[in-house]
Amino acid sequence: MAVYTALLHYPVYNKERRVVATSLTTLDIHDIARASRTYGVKRYYIVQPIENHLWLANKLLAFWQGGHGKEYNPKRWEALKLVRSLPYFEDVLKDIEKEDGVKPKVVVTSAREYEGAVSFKFLRSKIEEGEDLIICFGTGWGLTEEFIKSADYILEPIRGATDYNHLSVRSAAAIILDRLLGELP
């Protein structure tokens, strides 16, 4: 059983619901890597088709995955060694199949409600049964409808105590990973 995470900068919506590629945010790389490492995720992927942004992601990863970053902050290296950056989600699936010989089921996350969405409890049971999964997080204003509908599972949204539902992707990823892979109270 393996769980992977992916942060997609494409295909996502902007606030006008146009399909775009969003800008790379280095904090997302660091923070989701740390959450992924904490909860035992096998690999965390950055999906970024913009050439200069992909270069920046790879530059940051080279520092942390290479000698100096490891020496400077071994705890940060421990998390960032899980990260790979690729231009498209199809490349991620090929990488997993090549490296690990598995084809994970695709799980998408959204702040919106979708008919047929699965619960955290259901998805946690799939993980416990040994199903290989890749949990996809979207940037901008969320993953596109087409991408969401192509997934194997749509995860129910995180619900707080109010009707406000616009978490940062870093916060949402940490909450979702805790609910799926964390210790139960």
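Residues numbered from 1 in each chain as written. Predicted model: local features only at pLDDT ≥ 70, side-chain atom pairs only at ≥ 80, totals over all residues. Heavy atoms only, no water.

Going by an unreviewed UniProt entry, the protein chain carries the name tRNA (guanine-N(1)-)-methyltransferase C-terminal domain-containing protein and comes from Phorcysia thermohydrogeniphila.

1. Notes on the overall build of the protein chain
Summing up its helical and strand segments, the protein chain has 8 helices and 8 strands in all. Expected size for 185 residues packed as a compact globule is a radius of gyration near 16 Å; at 16 Å, the protein chain falls within 12% of this value. Overall, the C-alpha framework of the protein chain stretches about 45 × 40 × 35 Å when taken along its three principal axes. Sorting the 185 residues of the protein chain into buried and exposed places 47% on the buried side. Looking at charge distribution, the protein chain has the averaged site of its 25 positive side-chain charges lying 3 Å from that of its 25 negative ones. (Helix = DSSP H or I, 4+ residues; strand = E, 2+ residues; numbered from the N terminus. Rg over C-alpha atoms; globule rule 2.2 N^0.38 Å. Buried < 20%, exposed > 50% of the residue type's maximum accessible area, 1.4 Å probe, protein only. Lys, Arg positive; Asp, Glu negative; His and termini not counted. Charge placed at Lys NZ, Arg CZ, Asp CG, Glu CD.)

2. Some details on the nonpolar core
One recurring pattern in soluble globular proteins is that nonpolar side chains are buried together. Counting 34 residues, the largest nonpolar core has Ile29, Val83, Ile135, Leu155, Ile176 and Leu180 as its most contacted members. The set of elements that each furnish at least two residues to this core consists of strand E1 (3-8), helix H1 (26-38), strand E4 (43-47), helix H2 (51-65), helix H4 (74-80), helix H6 (120-128), strand E7 (133-138) and helix H8 (169-181). Here this core gets 6 residues from one element, more than from any other, and that element is H8. In this structure, leucine 155 is in contact with Val107, Val108, Thr109, Ser110, Ala117, Val118, Ser119, Phe120, Leu123, Ile176 and Leu180, ignoring residues within four places of it in sequence. Formed by 22 residues, the second largest nonpolar core is a distinct cluster that contains Ala2, Val47, Val106 and Leu143. (Core = buried A, V, L, I, M, F, W, Y, C linked by side-chain atoms within 4.5 Å. Contact = heavy atoms within 4.5 Å.)

3. Describing the pattern of salt bridges
Within this structure, the stated rule accounts for 17 salt bridges. For arginine 84, the salt bridge is made with aspartate 95, and the minimal N-O distance between the two is 2.6 Å. Here arginine 84, found in strand E5 (residues 83-86), pairs with aspartate 95, found in helix H5 (residues 89-100); they are 11 residues apart in sequence, far enough to count as distant. Exposure remark for arginine 84: the relative accessible area of 28% places this residue in the partly exposed category. The salt bridge involving glutamate 145 is made with arginine 112; its shortest N-O contact spans 3.7 Å. Highlighted residues: glutamate 145 in helix H7 (residues 145-149) and arginine 112 in the loop between strand E6 (105-108) and H6, separated in sequence by 33 residues. A single network of salt bridges, built from pairs that share partners, joins Lys42, Arg43, Arg84, Asp95, Glu99 and Asp100. (Salt bridge = Lys/Arg side-chain N within 4 Å of Asp/Glu carboxyl O.)

4. Considerations on the environment of phenylalanine 120
Examined against the element boundaries, phenylalanine 120 turns out to sit in helix H6. Judged by relative accessible area, which is 8%, phenylalanine 120 ranks as buried. On a C-alpha basis, the gap between phenylalanine 120 and alanine 57 in space is 30 Å, while along the polypeptide they are 63 residues apart. Setting aside anything within four residues of it in sequence, one finds phenylalanine 120 in contact with Leu155, Glu156, Pro157, Ile158, Ile176, Arg179 and Leu180.

5. Examining the pairing of E7
Here E7 lies mainly inside the structure; 6 of its 6 residues are buried. Pairing of E1 with E7 involves 6 bridges; the strand directions are parallel. Paired with leucine 8 across the strands is glycine 138, a residue of E7. Between the parallel elements E6 and E7, the chain passes through H6 in a crossover that is right-handed. (Pairing = 2+ DSSP bridges. Right-handed = clockwise from strand over helix to strand, strands pointing away.)

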